[in-house]
Structures are given as C-alpha cells and as structure tokens.
Amino acid sequence: MATRRDFVSSTVAALLGAGGARASQPTSARLTSPVSHIDTAIVDSCFHECRHFAETMYRGGVPIRSFKRDVTQLWFTELHPSWQSSQSTVAGLTSYGTLFCLERLAWDHGMRIVYRAKHARSPRGTIHEFSGNADSLVARICTAPFNPWPHHVARWLLQDWPVSGAAGNPPPTNLRCQSRTDRFTPTGSVQLYSWVIALPQPTRFCAAI
Amino acid sequence: MRTPPGISPSDFSAALEQFARVCTSQWVFTKDEDVDLYKDPFSPFLGEPDERWASAAVAPGEVEQVQEIVRIANRYRVPLYPISTGRNLGYGGSAPAYSGCVVVDLKRMNRILDVSEDNASCLVEPGVSYFDLYRHIQEHHLKVWVDVPDPGWGSLIGNALDRGGGYTRPQFRNHFDAHCGMEVVLPSGELLRTGMGALPGAKTWQQYKSGFGPWIDGIFSQSNFGIVTKMGFWLMPEPEAYLTGMVLAAKRDDLHRLVPLLNHVENSGVTNGMPDLGSPLLGILSIEEYAKFMEDRPQPPPDPELASLQDRAEAGDPSGLEAYGTRKGMAYWTFKLKFFGPAKAIAAQWDYCKEKFSEIHGVRFEDGPLIRLPLSEEQRKNVHWPEFGIPTLNMFSIGARSSTNSTPTHGHMWFSPIIPRDAASIFEANRVFAAAAREFSLPILRFSLPATYWERAFIFIFGFPVTEDVATNRKNRAAFYKLIDIAGEHGWGEYRTAPAYQDACMSKYSFNNHALLRFHETIKDAIDPNGVVSPGRYGIWPKHLRKS
C-alpha cells in the first residue's frame, strides 16, 4: 500500500537502456527486399535491444518510428491519424506498458494484437515466451542463441510471420526458449515485448470498436 | 457465449436479435474473443470465479438506438452496463458491476457537438476522449483548455460521471462540477435533458447549470439511474501565463500552520492551480519532481543517517530530522503554489502568498519561473502535461520490469478516502493507515501526503497491486475491505471505487440507518423497476437482486 504518487514511483521502470542508436536513422544500408506487409515498426529507444530490432526492420523496408519511454506523442501525431484513415499494421518492440496502452487504443480501430512475445532479460540471458504459432522463431533463436535475439524476431516477422501468425488473437502457448545475449546487452533485468497490431483476418469489425 | 443470470437462453437470443435489428449485427458482439475485451484488466478477482464478466456487448451509434436498446432490455429483463470508453482502470474499467450484463459500449457516439471559445464550453457525446477534444481544440486553434485526468485516454463524460479529477483550476479539475447540462436516456427509454436543456429553444444549455426546479444532475453520477448520452462542460480559458512559487518550512509542526494558510489562499482564489505538497526530508516528491524522477535515473537510497532519523520522526521525535534538514538545507515541507492568469496579476498573487506564509518562523520561498502560455515545444518537455490541459499516456510507461522494478504488478486498485483538510488529519491518517498496513502485512512507504485535487478536502490515494497470484490478490482484497472499515470508523469515506468494493464503501455512508442508500433504492425502484441499467453500480441494487 502506497500513495498514488509513490505507488507509481515505486514501480517505476528505470528504462535506462543503453541510450540506443536513433532507431529512425540507422546507418546500415537497406536490404533490397520488397516492402514488408508491416507498415511501420515502433521501438522504445530507451532499450538497447530495440536498436537491433529497428535496424533489421529498416533493412527489410519497414519505416521506423522511435519514442523514448512515453508513446503519447507518437500515438497522437502518427499512429492515431494513421489508424483513423487505414488500419495499418504496426510491429513493435517496447515495454509492457506501451503495449498495454497501444493494444487498447488499437481496439478502437477494430485492430488486435496478432502476435506477441515476452522477452525477459536477466543476467543469465533472455527468456522468450511466445503466443501464437512461433515454432520457427523459436528454432531460429535456439540455433543461434548468441546472436542478438531482436534481429531474429524482426527477421522472423518480416519473413515467416505472415504465413504463420496473422490469424487473429494469439492463443497463449508455453513456447519458451533462452538466448544468451550478454555479448551485446546491458546488464540488469528488463522485460520487453515484441508484437504486431493488425486488422485480424478475416477482416471484420471487432468489439471494443 | 454466456447468458445473464435468470434470463432464459431463448429470451436472451431474442433480445440480442432485436439489438442487432436496431444497431445492425455488426455492432452486436457475442463471441468470447470480442466480449472478453470488456473484462477489467485490473480486476481484483483476476482469474477467479468472481471476476466480473459480460454476456455480450452492443455498440449504438445514435441516441435513438440507446433508447431502443433500453426498451428491448426492459422487455426481456436483460441487464445492461453502459460504458463511455471503459478506461477508468483501477476503478473498474469496462467490466460490469453485475456479471452477465450486456455492455452498452458508447464509444461510437464520439461526436464533439460544440466547442464555444466565447463561452468557454463544449457539448460532447460519451465516446469523446480527452485526446479527441484536445485534438479538436488544437486543430481549430481555440484558446481554451480542457482539464484532463492522468492518463487522459478516457471519456470526458465517463470520467465526470465517475467524479474524477484533474490538475488545473479548482472549478475545472473537479470534472463533475465542471459540467453544465446533460442528456440522459432513462431506464424507461425516455429522453431527458437537464438544466436549460429542458427548455425548448434555449441557447443557454452550456451557460446556466441548474435550470429550474430540483437540480438532479448529481443523481446520474456514480449511479445507475440512466445512460448519459450528451454532456456539456465548462472549459478553462487559456491563461496568459503560469507561475509557481515554493513555500519551504523547516519544522514538522509547521504543517499545522501551512495547511490553514494554504486553505485560505486557495479558498480565496489567490492561488488557483493545484497545490503540490512534498517533503524533501521524508522523501516525498512533488508532482513535478516526480515527473522528473521518471525521466531521470532513480535516485540513490537516502543515507543511513537520514533513514534512521526518518524512523525516529515517524515514531514521534522529529528533532533529529529537523536538525539534519537545517544542516543540509533541506526543508521538512514544501508547498508548491501555482498560479494561472495575467503575468502581472499572478506575480502579485504570489507576493501576497509570501506575505501570508511569512508568519511561519523560518519559512523560505523559492520563486519559480514565469511561463508565458501557450507552452513552447521545449517547455513541454519539462512540465507535467496534465497541469497544462494536455492529455498524456505517460503513466503507462512506468510499470515495466526493470533493474529497479523486478516484480512489476499486473495492475492496481486505488483505495482513496477523503479526509479533512487539516494537518492533524494528515498525521492521524498516516498513523492509522501505517498501523493497518503493519497489521495486514502490507508494504507501505513512509509518511505520505494527501492529494489536493479537491478544494476543501484532502484525499489519500493508496495503490494496491493486482498481481497474477490469486493468493496475493485475495490477501490484498481482504486488506482493502479492512481498510474501508477502519477508514469508516474514523469518518473517512471513499470518493470512488471499483465494483468489487462499492457495496462495502456505500455501507459506510450509513447515517440514520442507511437513509442515503435507501433513498437511492427508492429512486431506483421508481425509475427502473426492472433493474435493467447497471445493477449494483455504486451499491444500488434493483429490488430483485437486493440483499435483505
């Protein structure tokens, strides 16, 4: 039990990250692959992992939008107007708070989370928990556990996910795997979520409007 | 799909079919994957049998459709639960108070019907969020502010009917008080307008609140006497400037003078922003310091000497802490006063406050910067947006798992009693709630200061975590109920609560053998004999569901 202000501050995520690169302006060259079915990828620049996710998405032809901790401005100026005019598909690597928020705002536009995974970084590596049909992603991570997992996730979303994942609200599953990412990640425990918000298939209107 | 209790499957199907005829089937939701979206994500019963559930949902787009839905519900005795946007998380969300209700989702009714810069008012439908109105104001370059709660993603009407609060001037940050006129679909399906809205041809619906005869608007807040489909609000004219001034006092007992002086300057309208109370020595951050805390790295823990002195101060001996504060230049209390208005006027207002607070021995003052409004982009980066009428989602960025927060909670529920606006009550409430926390093994931080949303009363707002662990949630619920009892014994009542606790809180307002609740029930029986609108909301049950 704590006051409202202190209760919130006691649960404050430091969200320190490692500063991260400006994800919207990666220096790497783009891949020549065709523009993805994902219209935009958004990342929280507070988190080091998001840099890898953003770079891979960008190289896959996906425009990147980054924000720092608070998604308000990005949602207000870009996501909301975009979802008003067309229910564009958005992928992200963010904190749970951002995902929680955007998921509910997306409901207003008939959109849903169609892919979601939790990535819990700890000193021993990162534990991944997936919802939906993510066997091939798990396989990718398991076969290269020392490579940056955000790269695997982004590649998988760009290449495999349309086939395996876009069927609607993802059922909970117990798919778990571990990547040892201490080669590039900062220390400390952080929980991130990779996700895709899209109009579920088949196209129809949703509850919560 | 589940059927509401006591309703036959055939009747329920017939009702849903008729809802679909009214709204088209596209806007009637019966599949679990749709209806589950209306669960309260912060339910204190998360994953337990008592977690509230909806049987279906219907989303009308016009007031006539709402009327027809209510008539159909009466025909089949189907309970309804109207929501505006359902985003009052921590106070119930979109889940019904009574499981089995059909949620009437009003988000499609999202028209901003009028915004008058001259009258500084607006008229909106329930689906209009603070963001929607803020966007409209910005796009039309209107010189008015809407007072927003934090977070600001909810509905103006929903928040006002829940009697929520914000952060600007007193008459606006009390969101229900800021309303002017409403339109209500009564449980019979009849349409009612209050205030000047009852006078055909009147152009003063959003200008004069009370109209003629009994002023009934209040009975539609925190209640189940109708479905509000339009509501007017007074908006705050954009002020010319903003100024803050800090009052710093060195002694624990100074609080006994600080609060009456604060009351005087606020009740006189000399300070007109939301006062912000803090205590550097006790580690209680002001709102702005807290916002900064969120932006920066967490502060290091206090030095051991300070922690020890804080313990002694809480045990009743503040002398060591006061001496520490003198040595380190740290104040015991900080009262940040805020002023909106013409630059010259608010500078004079702050001068007057300094004169008044100077009666406290040793008091110091810090002048804040004068900010010319509107805020520049650069200035926006350094302020708490809601204090400037700017809605934000920032609140959601702070609960993630991190190196400093290894056990994030699933959600929260707020325990928020109203206490008298005096220092003795602050000390007494801290003593009582700290003792209760020890008794029920609740984690509690050190001495707490109340919030100042309301003009003439304090409110303590304590957060209880909702976790994914059923046993922990059960323990927290039990403690919550005990705290309601303990608060009630001291004359402190909740201003608002989640459905799980509404009966318990209402039971404390028991003067003259619960005359108030009995009056609520009398109204309910008269205007909603079938009990179709929001049964159980705020402890008001229709006769057929009422416990003896």
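All values derive from a computational prediction rather than experimental measurement.

Trainee: A description of the nonpolar core should follow, citing residues and the corresponding values.
Mentor: Residue and element names in this part refer to chain B. One finds L255, L258, W333, F335, F357, F415 and I426 to be the most contacted residues of the largest nonpolar core, which totals 66 residues. Sort the elements by how many residues they give to this core and helix α13 (residues 423-439) lands first, with eight residues. If you look at the next biggest cluster of nonpolar residues, it comprises 42 residues, including W27, V58, I69 and Y98.

Trainee: Got a sec to walk through the packing of aromatic side chains? Specific residues and values, please.
Mentor: Residues and elements named next belong to chain B. Across all of its chains, the model carries 35 aromatic pairs over all chains by this definition. For the pair W27 and F29, a centre-to-centre distance of 6.5 Å together with 90° between the ring planes defines the contact as edge-to-face. Taken as a pair, W27 and F29 share a single burial class, namely buried. Where Y332 meets W333, the ring centres are 4.9 Å apart and the plane angle is 50°; that geometry is what we call tilted. A network of ring pairs unites the aromatic residues F415, F433, F460, F462, F464, F480, Y481, W492 and Y501 as a single cluster. Lying over the aromatic face of W53, R2 brings its terminal NZ or CZ to 4.0 Å of the ring centre. The ring of W385 has R380 sitting right over it, with the charged end atom 4.7 Å from the ring centre.

Trainee: Tell me about the environment of F76 of chain A, and please be specific about residues and values.
Mentor: Here F76 of chain A is to be found in helix α3 (residues 72-85). According to the relative accessible area criterion, F76 of chain A is buried, its value standing at 13%. As a C-alpha pair, F76 of chain A and F53 of chain A span 23 residues in sequence and 23 Å in three-dimensional space. F76 of chain A has contacts with P81 of chain A together with F131, Y134 and R135 of chain B, leaving out every residue within four places of it along the chain.

Trainee: Hey, could you go over the environment of L285 of chain B for me, with residue numbers and the actual values?
Mentor: Its location among the elements puts L285 of chain B in the loop between β13 (276-278) and α8 (287-295). On the basis of relative accessibility, which here comes to 24%, the residue L285 of chain B falls in the partly exposed class.

Trainee: Mind laying out the sheet that holds strand β2 (residues 56-58) of chain B, listing which residues take part and the relevant values?
Mentor: All names here are of chain B. Here we have four strands laid out as an open sheet, ordered β1-β2-β4-β3, and mixed in their pairing. Strand pairing shows two members of the sheet lacking a second neighbour, β1 (28-29) and β3 (80-83), which therefore form its edges. Note: β3 against strand β4 (residues 102-105), four bridges, orientation parallel. Residue pairing in the sheet places I83 in a bridge with D105 of β4. Strands in contact with helix α1 (residues 9-23) are β1, β2, β3 and β4; relative to β2, the strand with the most contacts, it is inclined by about 25°.

Trainee: I'd love a proper account of the side chain of Q67 of chain B, names of residues and values included.
Mentor: Residue and element names in this part refer to chain B. In this fold, Q67 is placed in helix α3 (residues 63-76). Note on Q67: relative accessible area 11%, which makes it buried. Excluding anything up to four places from it in sequence, Q67 contacts V185, G189, E190 and L191.

Definitions and limits used
Residues numbered from 1 in each chain as written. Chains lettered and ligands numbered in written order. Predicted model: local features only at pLDDT ≥ 70, side-chain atom pairs only at ≥ 80, totals over all residues. Heavy atoms only, no water. Core = buried A, V, L, I, M, F, W, Y, C linked by side-chain atoms within 4.5 Å. Buried < 20%, exposed > 50% of the residue type's maximum accessible area, 1.4 Å probe, protein only. Helix = DSSP H or I, 4+ residues; strand = E, 2+ residues; numbered from the N terminus. Phe/Tyr/Trp six-rings, centres within 6.5 Å; stacked < 30°, edge-to-face > 60°. Lys NZ or Arg CZ within 6 Å of the ring centre and 35° of its normal. Contact = heavy atoms within 4.5 Å. Pairing = 2+ DSSP bridges. Axes fitted to C-alpha atoms, helices over the stretch in contact; angles between N-to-C directions.

None of the figures reported here should be taken as evidence of function without further support.
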